[in-house]
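Architecture at a glance
Next come the chains, spelled out residue by residue.
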Amino acid sequence: MSGNGNGNGNGNGSGPARLRGLRAARLAAAAVVPGELALVLCLVAGVRPPGWLLAVAEALVLGVLVLEAAVLRGLYAGQRAGGAAPRAALLGAVRAVVPAPVRRLLLHELRAGAALVRWVLRRPPHGVRPGDLGAAYTGPQTAMMYGMAFVSVIETVALGFLIPWPAVHRVVLVLDLYGVALVLAMHAACVTRPHVVRPDGSLRIRYGALFDLTVPPDAVASVRVDRRYPEGRLVTVSEDGVLDLIVGSQTTVTLELSRPLGFTRPLGARAEARTIRFHADDPRALVAALRQPAPP
């Protein structure tokens with residue numbers, strides 16, 4: 001039966017229908033980006049959206065995922081029928097349906113979930129090898145994240161008493177627990193993915209699973225402790241190439257580059273920086289390690 005279904009799907013009747021389904025899936029996936037990005041930025045900034053808004057947003061995301069799963073199944077079957085290997089067919093179907101920003105957001109949530117497991121199990125920090133200096137940067141946001149998680153738990157318990165319908169209560173409970181897990185996962189990603197100074201003088205600047213930039217030694221012109229309180233989003237780039245990676249409304253290290261350095265924004269857009277300002281809980285230790293001459 002599956003062979004006949006695939007054959008008909010590749011035939012005269014369902015080509016336009018499949019194309020319409022693909023367009024609908026891409027539009028639905030693209031519509032998720034502003035909502036998911038707004039949710040992530042709110043959590044990073046310490047603003048917790050109302051519970052009903054989280055419930056509506058995640059319900060819409062669930063609907064989009066169901067639609068995409070149906071379209072992906074058809075595309076995967078079509079590529080497999082054309083002789084593609086399973087992995088290549090799956091990757092091709094995902095790239096055809098899911099826009100790059102959505103893929104990056106989903107990948108961020110998966111990495112944050114893995115970071116939460118690493119954090120709970122007390123595994124070594126991600127990407128920190130023997131001889132490296134791991135520089136934490138979560139100090140300004142730790143109390144805020146725990147406060148948001150605590151408020152989420154209180155809201156979940158309160159809604160358990162206020163909602164009289166068991167089915168609605170179960171749905172809201174799952175969504176609220178997901179909200180709590182998302183807050184903890186974002187914080188865990190920041191804890192388990194610190195900045196890294198390597199013995200060769202290279203610097204890896206990170207913010208959880210959202211931002212990752214490696215600065216090679218020959219690109220470092222100067223570095224200094226420099227506490228600032230810039231305004232803006234998590235990743236802000238000025239017209240003159242100053243990149244601010246803001247944590248808790250502050251940065252503590254300024255890195256001047258000897259040449260422009262390209263980087264990837266959280267949603268996949270490319271940009272260049274000539275100066276990087278970022279936060280480290282112990283900026284003096286990071287600056288001292290970066291100024292230390294590399295071994296021959």
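About the criteria used
Residues numbered from 1 in each chain as written. Predicted model: local features only at pLDDT ≥ 70, side-chain atom pairs only at ≥ 80, totals over all residues. Heavy atoms only, no water. Helix = DSSP H or I, 4+ residues; strand = E, 2+ residues; numbered from the N terminus. Buried < 20%, exposed > 50% of the residue type's maximum accessible area, 1.4 Å probe, protein only. Contact = heavy atoms within 4.5 Å. Lys, Arg positive; Asp, Glu negative; His and termini not counted. Salt bridge = Lys/Arg side-chain N within 4 Å of Asp/Glu carboxyl O. Polar contact = N/O pair within 3.5 Å; in protein donor to acceptor, adjacent residues only side chain to side chain. Pairing = 2+ DSSP bridges. Axes fitted to C-alpha atoms, helices over the stretch in contact; angles between N-to-C directions. Core = buried A, V, L, I, M, F, W, Y, C linked by side-chain atoms within 4.5 Å.

Okay, the environment of R111 next. By the element assignment, R111 lies in helix α5 (residues 100-120). The partly exposed category is assigned to R111, whose relative accessible area is 37%. On a C-alpha basis, the gap between R111 and A189 in space is 7.5 Å, while along the polypeptide they are 78 residues apart. Apart from residues lying up to four places away in sequence, R111 is in contact with R193 and A209.

The next point concerns the side chain of R206. Mapped onto the elements of the fold, R206 is located in strand β3 (residues 203-207). Among buried Asp, Glu, Lys and Arg side chains, R206 stands out as unpaired, with D212 the closest opposite charge at 4.6 Å. In this structure the side chain of R206 is engaged in a polar contact, spanning 2.6 Å, whose partner is the backbone oxygen of H126. A distance of 2.8 Å separates the side chain of R206 from the backbone oxygen of P194, its partner in a polar contact. Excluding residues that lie within four positions of it along the chain, R206 makes contacts with H126, G127, V128, Y137, R193, P194, H195, V196, F211, D212 and L245.

Strand pairing in a sheet takes place through backbone hydrogen bonds and is either antiparallel or parallel in direction. Overall, antiparallel pairing links the four strands, which are arranged β1-β2-β3-β4 in an open sheet. Two strands in the sheet have a free side with no partner beyond their single neighbour: β1 (133-135) and β4 (211-215). Sheet twist, expressed as the average angle between the axes of neighbouring strands with direction ignored, equals 15°. Summarising the sheet, strand β2 (residues 195-197) and β3 pair through two bridges and their orientation is antiparallel. Along β3, the bridge assignment pairs V197 with L203.

Burial of nonpolar side chains together is a common tendency in soluble globular proteins. Ranked by size, the top nonpolar core spans 36 residues in total, and within it Y207, V215, L255 and I276 carry the most contacts. Looking at this core, the elements with two or more residues in it are α6 (139-162), α7 (166-192), β3, β4, β7 (242-245), β8 (251-264), β9 (270-278) and α8 (283-291). With residues up to four places along the chain from it excluded, the contact list for I276 reads I205, L213, V215, L243, V253, T254, L255 and L257.

What follows is about the sheet that holds β9. Spatially, five strands are ordered β5-β8-β9-β7-β6 in an open sheet, and the strand pairing comes out mixed. Of all the strands in the sheet, the pair left with one neighbour each is β5 (220-228) and β6 (235-237). The mean inter-strand angle of the sheet, taken between neighbouring strand axes irrespective of direction, is 35°. Its contacts with the sheet put α8 on β5, β8 and β9, and the angle it makes with β5 is roughly 175°.

Attention now goes to the pattern of salt bridges. Within the structure shown, the criterion is met by eight salt bridges. As a salt-bridge pair, R204 and D212 come within 2.6 Å of each other at their nearest N and O atoms. Put simply, R228 and D226 hold a salt bridge, and the shortest N to O gap is 2.7 Å. A relative accessible area of 34% places R228 in the partly exposed class. Each of R224, D226, R228 and E256 takes part in salt bridges that share partners, so that together they form one network.

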